[in-house]
Amino acid sequence: MSVLTGKELRIVGFLCNWCSYGGADTAGVARFTQPTDLRIIRVPCSGRVNPLFPLKALLSGADGVLVSGCHPRDCHYSEGNFYARRRLEVLKEFLPIVGIDPRRFEYTWVSASEGQRWQQVVTAFTDRIHKLGPAPRFEDARPIYDLPALTPAAPLRPLGCGTSPALAELKDQIKAALEAKEVEFVMGWQIGHDPLHTTPLFMRTPEDVDKLVWGPLNVHSLATFLPQHKGKKVGIVVKGCDSRGVVELLQENLIKREDVVIFGMGCNGTVDVNKVLAKLGDPSCIEAVQGGGATLKVTADGQTVDLPMFEIAQDKCRACTVPNAVIHDHFAGSPTKIPDDATPEPAAIMNFLDGLSLEERMGFWRGQIERCIRCYACRNACPMCVCRDHCVADSREPHWLTQEDSPTQKMFFQLIHALHLAGRCTGCGECNRACPMGIPVGALKMQIGRTVKKLFEYAPGMDENAVPPLLGFELEEKNIHEHHIEGA
Ligand code: FES
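Rules used throughout
Residues numbered from 1 in each chain as written. Predicted model: local features only at pLDDT ≥ 70, side-chain atom pairs only at ≥ 80, totals over all residues. Heavy atoms only, no water. Core = buried A, V, L, I, M, F, W, Y, C linked by side-chain atoms within 4.5 Å. Buried < 20%, exposed > 50% of the residue type's maximum accessible area, 1.4 Å probe, protein only. Helix = DSSP H or I, 4+ residues; strand = E, 2+ residues; numbered from the N terminus. Contact = heavy atoms within 4.5 Å. Phe/Tyr/Trp six-rings, centres within 6.5 Å; stacked < 30°, edge-to-face > 60°. Lys NZ or Arg CZ within 6 Å of the ring centre and 35° of its normal. Expected span 1.5 Å × (residues − 1). Arc of directions from axis to C-beta. Pairing = 2+ DSSP bridges. Right-handed = clockwise from strand over helix to strand, strands pointing away. Axes fitted to C-alpha atoms, helices over the stretch in contact; angles between N-to-C directions. Polar contact = N/O pair within 3.5 Å; in protein donor to acceptor, adjacent residues only side chain to side chain. Parallel < 35°, antiparallel > 145°, perpendicular 65-115°, else oblique. Nonpolar A, V, L, I, M, F, W, Y, C, P; charged D, E, K, R; others polar.

S.K.: I'd love a proper account of the nonpolar core, names of residues and values included.
M.R.: Of all hydrophobic cores here, the largest spans 65 residues; its most connected members are F105, L353 and W365. No other element matches the 7 residues that helix α15 (residues 407-420) contributes to this core. When neighbours within four sequence positions are excluded, F105 is seen to be in contact with P54, L58, V65, V67, L88, L91, K92, L95, F125 and R128. By size, the runner-up hydrophobic cluster in this structure holds 41 residues, among which are L222, V247, L249 and M265.

This is the structure we're talking about:
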């Protein structure tokens with residue numbers, strides 16, 4: 001058998017204590033011949049296998065990773081392998097986006113009595129890995145530093161730059177809520193350090209409310225601040241994408257519905273400030289910004305330029321199907337309409353990545369991530385990154401990441417972030433917007449979003465009563481099928 005004669009490769013196996021580890025033991029006791037490449041890590045149950053375990057092994061130099069647990073319905077803890085099946089399938093679908101061949105990762109089921117099956121599984125998987133050869137190392141990938149100019153997707157609806165005529169109505173609603181002491185404060189946006197930037201506004205008095213603005217510059221998702229104020233009665237102004245973050249926080253019981261008063265308005269798209277600055281040639285002083293119709297008029301360094309919204313909109317707004325708050329207590333103005341027959345085009349970055357080979361994708365991320373300065377702005381801007389105080393990026397126990405300035409460590413953080421958002425990311429694009437180095441980290445979350453949609457037909461942040469897919473399972477999964485290891 002080829003695997004027994006060639007040079008050993010590094011294969012890591014995570015085996016459930018009760019079944020597969022027993023199966024491996026049975027194979028050993030029966031003296032079944034097996035390849036010696038596999039290094040076994042015994043876990044209490046396949047449900048204990050966090051997808052980060054195989055991912056870390058693969059990024060750290062393993063050529064293959066095999067997870068094996070009890071057969072479905074045989075789990076010692078009755079349900080662990082059902083949860084594992086969902087998580088591990090998400091991982092398998094996710095790996096290609098970073099250039100890792102999904103055939104290098106497999107999960108299967110072997111019982112304690114199936115010594116012979118264990119022998120076949122481990123032999124077939126080892127054979128597969130030998131055919132694939134040693135895994136390419138992330139550090140050694142040929143870096144692609146430049147992102148080519150991508151043609152943005154056509155917007156689903158006309159994107160606008162004007163200030164909303166419903167702003168006065170919104171301000172009246174907020175003033176009334178503050179006056180009635182319905183809330184301690186309401187979060188919105190105000191003009192920031194220059195007319196092109198807005199900044200979060202915490203309104204406690206009617207004078208504060210007068211500073212509120214609504215328009216294409218209201219880019220931040222204020223839902224990020226909600227968990228910090230758990231237990232207080234607070235108000236929040238939301239766009240459609242922000243409201244999905246609020247729904248997700250409610251689903252995860254990180255805030256209480258009765259504590260939050262939601263003010264919604266229809267959104268006509270938001271501006272990518274970096275695109276504006278690039279078009280203006282990085283001016284030193286922005287003097288005035290005025291929106292009207294589909295054009296943003298910007299005066300900078302003494303010159304006035306008309307910028308069509310089509311060219312400066314955030315990419316996420318082009319395919320947005322949820323411009324109106326999905327949950328609200330007050331709604332000002334009329335909802336933004338999307339034509340019934342409109343179909344969202346894939347984001348340009350996803351089209352680009354889909355067109356690359358696995359090797360090129362690894363090189364792409366290798367080149368892009370080199371710019372990362374580990375500021376964690378992507379994490380801090382993410383409404384769903386709620387364990388910030390105990391983030392794996394800062395934790396020494398468990399020690400998932402080192403502070404080493406290496407592409408692998410930086411990439412691993414981004415992959416952890418993306419996997420933590422599986423079934424939770426609402427596609428608000430805040431990670432992309434916040435990255436000061438222009439790394440398209442949002443593409444990793446888009447891949448997770450695509451995977452979750454494909455496997456579970458689920459879109460996060462749409463229904464506060466829905467159970468997120470990785471917190472549940474089906475005995476028979478509609479879109480997950482048993483993997484066959486060829487030869488086993
Ligand atoms: Fe074996 Fe749960 S105990 S998979």
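S.K.: Lay out the packing of aromatic side chains in plain terms, naming residues and giving numbers.
M.R.: We describe a pair of aromatic rings using the distance from one ring centre to the other and the angle between the two ring planes. Inspection of the entire model under this criterion finds 13 aromatic pairs. Consider the rings of F202 and F225, whose centres lie 5.6 Å apart with planes at 70 degrees: the pair is edge-to-face. Remark: F225 occurs in the loop between α7 (206-209) and β7 (234-238) and F202 occurs in strand β6 (residues 198-203); sequence separation between them is 23 residues. Among the residues examined, F202 registers a relative accessible area of 30% and is labelled partly exposed. Since its relative accessible area comes to 23%, F225 is described here as partly exposed. Considering the side-chain rings of F364 and W365, the 5.1 Å spacing of their centres and the 75 degrees angle between planes classify their relative orientation as edge-to-face. What makes F364 buried here is its relative accessible area of 0%. One aromatic cluster is present, built from ring pairs that chain together F14, F53, W400 and F412. Between R42 and the ring centre of Y21, over which it is positioned, the NZ or CZ distance is 4.2 Å.

S.K.: Outline helix α6 (residues 167-179), supporting the account with residue identities and numerical values.
M.R.: Here α6 spans 18 Å end to end across 13 residues, near enough to the 18 Å set by a 1.5 Å rise per residue. Along α6, the residues classified as buried are L167, L170, K171, Q173, I174, A177 and L178. Here the buried residues of α6 occupy an arc of 160 degrees about the axis, which is enough to place them on one side. Opposite the packed face of α6, turned more than 90 degrees from it, sit the exposed residues D172 and E179. Looking at the packing, one finds that the buried side of α6 touches β5 (185-191), β6, α7, β7, β8 (260-265) and β12 (330-332). K181, located one to two residues past α6, shows a positive phi value of around 55 degrees.

S.K.: Got a sec to walk through the pairing of strand β2 (residues 38-43)? Specific residues and values, please.
M.R.: Sheet topology places strand β1 (residues 11-16) next to β2; 6 bridges connect them, and they run parallel. Within β2, the residue paired with L15 across the bridge is R42. With helix α2 (residues 20-29) bridging β1 and its parallel neighbour β2, the resulting β-α-β unit is right-handed.

S.K.: An account of the sheet that holds β8 is needed here, citing residue identities and associated values.
M.R.: Pairing in this open sheet of 5 strands is mixed, and the strands run β6-β5-β7-β8-β12 from one edge to the other. At either end of the open sheet lies a strand with only one pairing partner, and these are β6 and β12. Strand-to-strand twist in this sheet, taken as the mean axis angle between neighbours without regard to direction, amounts to 30 degrees. Pairing analysis gives 5 bridges linking β7 to β8, with the strands arranged parallel. If you follow V238 over to β8, its bridge partner there is G264. The strands that helix α8 (residues 240-251) touches are β5, β7 and β8; relative to β7, the one it contacts most, it runs at about 140 degrees.

S.K.: Give a detailed account of the side chain of K92, specifying residues and quantitative values.
M.R.: Its location among the elements puts K92 in helix α4 (residues 80-94). Overall, K92 belongs to the buried group, its relative accessible area being 11%. A polar side-chain atom of K92 sits 2.8 Å from the main-chain carbonyl oxygen of P102. Residues in contact with K92, not counting those within four places in the same chain, are P102, R103, F105, E106 and H483.

S.K.: How would you summarise the side chain of Q414 if you had to cite specific residues and measurements?
M.R.: By secondary structure assignment, the location of Q414 is in helix α15. Among all residues touching Q414, those that are not within four sequence positions of it are I369, C378, V441, L444 and K445.

S.K.: Outline the packing of helix α13 (residues 358-369) against α15, listing residues and values.
M.R.: Describing two packed helices takes the angle between their axes plus the distance from one axis to the other. Look at α13 against α15: their axes get within 9 Å of each other, and the N-to-C directions meet at 100 degrees. Considering their axes alone, α13 and α15 lie roughly perpendicular with respect to each other. For the pair α13 and α15, contact is made by W365, R366 and I369 and by P407, K410, M411 and Q414, respectively. Its residues assigned to classes, the contact of α13 with α15 shows 4 nonpolar, 1 polar and 2 charged.

S.K.: An account of unusual backbone geometry is needed here, citing residue identities and associated values.
M.R.: Here the residue pair E397 and P398 is connected by a cis peptide bond, since its omega of 5 degrees sits within 30 degrees of zero. Along the chain, P398 falls in the loop between α14 (377-381) and α15. Even without being glycine, Y376 reaches a positive phi, approximately 65 degrees. Assignment of secondary structure puts Y376 in the loop between α13 and α14. For Y376, a relative accessible area of 9% translates into the label buried.

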